[in-house]
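The primary structure of each chain is shown beneath.
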There are 2 protein chains.
Amino acid sequence: MNGIDQILRQHDIKPSYLRMKVFDYLKQHMDHPDVDKIYKVLAPEIPTLSKTTIYNTLHLFVEKGLVTELILNHQKHYDIRTIPHAHFQCTACGQIDDLEIIPPALDPKYVAAWQINQVQLTYFGVCASCQK
Amino acid sequence: MNGIDQILRQHDIKPSYLRMKVFDYLKQHMDHPDVDKIYKVLAPEIPTLSKTTIYNTLHLFVEKGLVTELILNHQKHYDIRTIPHAHFQCTACGQIDDLEIIPPALDPKYVAAWQINQVQLTYFGVCASCQK
DNA sequence: CTCACTTTTGTAATGATTACATTTTAATTA
DNA sequence: TAATTAAAATGTAATCATTACAAAAGTGAG
Ligand SMILES: [Mn+2]
Ligand SMILES: [Mn+2]
Ligand SMILES: [Zn+2]
Ligand SMILES: [Zn+2]
């Protein structure tokens, strides 16, 4: 939990207690949790916690470029890794794994015309343990 | 609209009037429409049309491998192209363009462990006309 | 302490999708 | 052809993640 306030400040985010808790959670759980997962884990130790706060905090993090948001299965998942990489999602159990694949660069003619902000490369399938 | 019944039959789909209409729409509109778009266009010429039918039909098409489903912006979009390719979506106007990029193949060790069913490569950004 | 501002909370609304029961249509059989 | 059965289409209600919005609680400067 140390140094977290520094990181938040570097991204122009005032490090409140809750924001630090949420960021700390993301740092320690790189399995791309959704809002509900984060809420369910933090709620017991923060009895007053509201799910709206989790939403607000994550929106702020995304806006400030601190975390990446990936929409899979009609749900937003949050990833503390901001460098481009790919994902695998098991359509049976929902687990999301990191893949060290860098998405291909766009043709220069598109880069000139469009302003690209994010690239998402996802492989869908069934993981090893779900195949049995 | 000719030959559509053949294509449906080849994919083990009984070519009803509505199924042919939906497929015909997808064939003529490759801009990756969502359910609502398809419904709004077909409803005027088919007064009894139900949105549930559009859902049912598209689910069937996907199940039979006739069309591809891509989830962007919390919405399902349908693509008559089934060969792998990438997409660009403008986050301002929502338009979805095809990109002739083939998503990179997975490392063999993953291919062996997982059963990959679909790959989705999407570039998000702002299109030329929305930048003004 | 007071005031202004930020953060957090609670509740209601939104909107795409799904579940499910009913009605309509098509195909099969007698 | 009429009766029976199966398939397709429809209508309505439920689901559920997300958002909108207003109120409450906390923070920090003067
Ligand atoms: Mn990741
Ligand atoms: Mn496409
Ligand atoms: Zn799995
Ligand atoms: Zn645009």
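Residues numbered from 1 in each chain as written. Chains lettered and ligands numbered in written order. Predicted model: local features only at pLDDT ≥ 70, side-chain atom pairs only at ≥ 80, totals over all residues. Heavy atoms only, no water.

J.: Which parts of the structure should I look at to understand the pattern of salt bridges?
T.: Going through the model one piece at a time under the given rule, you end up with 18 salt bridges over all chains. A:Asp5 is the salt-bridge partner of A:Arg9, the closest N and O atoms lying 3.5 Å from each other. Highlighted residues: A:Arg9 and A:Asp5, both in helix α1 (residues 4-10), separated by 4 residues, approximately one helical turn. The partner of B:Glu100 in a salt bridge is B:Arg81, with the nearest N and O atoms 3.1 Å apart. Of this pair, B:Glu100 sits in the loop between β4 (96-99) and α5 (108-113) while B:Arg81 sits in the loop between β2 (75-79) and β3 (86-90), and the two are 19 residues apart along the sequence. Ionic contacts of the salt-bridge type, sharing partners, join the residues A:Asp36, A:Lys40 and A:Lys51 into one network. (Salt bridge = Lys/Arg side-chain N within 4 Å of Asp/Glu carboxyl O. Helix = DSSP H or I, 4+ residues; strand = E, 2+ residues; numbered from the N terminus.)

J.: Help me understand the coordination of the zinc ion (ligand 3) in this model?
T.: Residues and elements named next belong to chain A. Each protein donor to the zinc ion (ligand 3) is listed here as Cys90 (SG), Cys93 (SG), Cys127 (SG) and Cys130 (SG); together their distances run 2.3 to 2.4 Å. Note that the zinc ion (ligand 3) binds 4 donor atoms; their angles at the metal cover 104 to 118°, and the shape is tetrahedral. All donors of the zinc ion (ligand 3) come from a single chain, and their spacing in sequence reads C-x2-C-x33-C-x2-C. On the basis of relative accessible area, Cys130 is assigned to the partly exposed category, the value being 26%. (Donors = N, O, S within 2.8 Å, 3.2 Å for Na, K, Ca; no water. Tetrahedral: all angles 85-135°; square planar, octahedral: opposite > 155°, others 65-115°. Buried < 20%, exposed > 50% of the residue type's maximum accessible area, 1.4 Å probe, protein only.)

J.: What exactly am I supposed to notice about the relation of the copies chain B and chain A here?
T.: The operation linking the two copies of the chain is a rotation about an axis combined with a translation along the axis. With an axial shift of 0.0 Å and an RMSD of 0.1 Å, the rotation relating chain B to chain A amounts to 180°. Put plainly, the chains are arranged around a two-fold axis. (Least-squares fit on C-alpha atoms with pLDDT ≥ 70 in both.)

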